[in-house]
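# What the coordinates show
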Amino acid sequence: AAGEHVVRPGDTLYSLARANGVTVEELARANRMRQPYELKVGAALVIPGSDGSARVENAVLRQEQAAPAPDVRQIVKSAAYSKPAPVATVERVFDWPVKGAVIGSYGTLSAGKRNEGVNIAAPVGTPVRAAAAGEVVYRGSELDGYGNLLLIKHADGFVTAYAHNDAMLVKKGQIVRQGEVIAKVGQSGAASEPQLHFEIRQNLRSVDPLAFLQ
């Protein structure tokens, strides 16, 4: 039997499909949606075949066992680029995406974990700006802990990542200018306080953003 779900902030078609034991395609087809899938907060979605929690839990368990959660490196590696990023005309430097105190530095953390970027404190709603011109190659919230995440591809094999956003203001495939507002600071994902988690990757490998920021 079909059910219904009212879209809440942070919901994605992927997360709703996974939580209800159906495929993204089935969920999109049931709601007559076409790519790129955009959800509006407050809209009612039809959930096909939501006929019991046991079925849902088993389906989620099968998905988790079959496919590990993606990471930024995998997304960058598999992203299909529909347009070339603008060609750089100066030595590669990046602007600060937000101004604020660095509350998490690049490198090894406690318990052997690693910070692949830097965390910059800023109030919720602070504009997040593109650190350099490029193409938005990912917009979503599927990565554990990152919350609402944007990835922008730049010239010379560089990619920047912007995580924990409250709102994302650009779409996948969109070309953005350096300094253009792309999101608003938030506390989504595993963030303990309002902040922007910012990464710079060169040829898929993370580098210390502070070495490139001007």
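See above for the structure.
Model, not experiment: these values are computed from the prediction.

## Some thoughts on the pairing of strand β12 (residues 181–185)
Along any regular strand, the residues point their side chains to alternate faces of the sheet. Across three bridges, the pairing between strand β7 (residues 127–129) and β12 is antiparallel. For V128, the partnering residue across the bridge sits in β12 and is A183. Here strand β10 (residues 158–168) runs beside β12; their pairing, made up of three bridges, is antiparallel. Residue pairing across strands places N165 opposite V185, the latter belonging to β12.

## A word on the packing of aromatic side chains
As enumerated under the stated definition, the model contains four aromatic pairs in all. Geometrically, the ring pair formed by F94 and F212 is edge-to-face, given 6.3 Å between the ring centres and 75 degrees between the ring planes. In this pair, F94 sits in the loop between α4 (72–78) and β3 (102–104) while F212 sits in the segment after β14 (205–207), placing the two residues 118 residues apart along the sequence. Ring plane angle 55 degrees and centroid distance 5.3 Å describe the contact between Y162 and F198, whose orientation is recorded as tilted. With Y162 in strand β10 and F198 in strand β13 (residues 195–202), this pair connects stretches of sequence that are 36 residues apart. These aromatic residues form a ring-pair network of at least three members: F94, F158 and F212.

## Describing the pattern of salt bridges
The full count for this structure, using the stated rule, is four salt bridges. Among the salt bridges present, the one from R114 reaches E116, with a minimum N-O distance of 3.9 Å. Here R114 falls in the partly exposed class, since its relative accessible area comes to 43%. Note that E180 and R177 form a salt bridge whose closest N and O atoms lie 3.6 Å from each other. Given the relative accessible area of 17%, E180 is considered buried. The network of salt bridges with shared partners includes R114, E116, E199 and R201.

## Looking at the nonpolar core
Core analysis: the largest hydrophobic core is formed by 26 residues, its most contacted members being F94, V128, L150, Y162, I182 and F198. Elements represented by at least two residues in this core include exactly β6 (118–121), β9 (148–153), β10, β12 and β13. If you look at the next biggest cluster of nonpolar residues, it comprises 11 residues, including Y138, L149, A161 and A163.

Each value, and the rule that gives it
- Residues numbered from 1 in each chain as written.
- Predicted model: local features only at pLDDT ≥ 70, side-chain atom pairs only at ≥ 80, totals over all residues.
- Heavy atoms only, no water.
- Pairing = 2+ DSSP bridges.
- Helix = DSSP H or I, 4+ residues; strand = E, 2+ residues; numbered from the N terminus.
- Phe/Tyr/Trp six-rings, centres within 6.5 Å; stacked < 30°, edge-to-face > 60°.
- Salt bridge = Lys/Arg side-chain N within 4 Å of Asp/Glu carboxyl O.
- Buried < 20%, exposed > 50% of the residue type's maximum accessible area, 1.4 Å probe, protein only.
- Core = buried A, V, L, I, M, F, W, Y, C linked by side-chain atoms within 4.5 Å.

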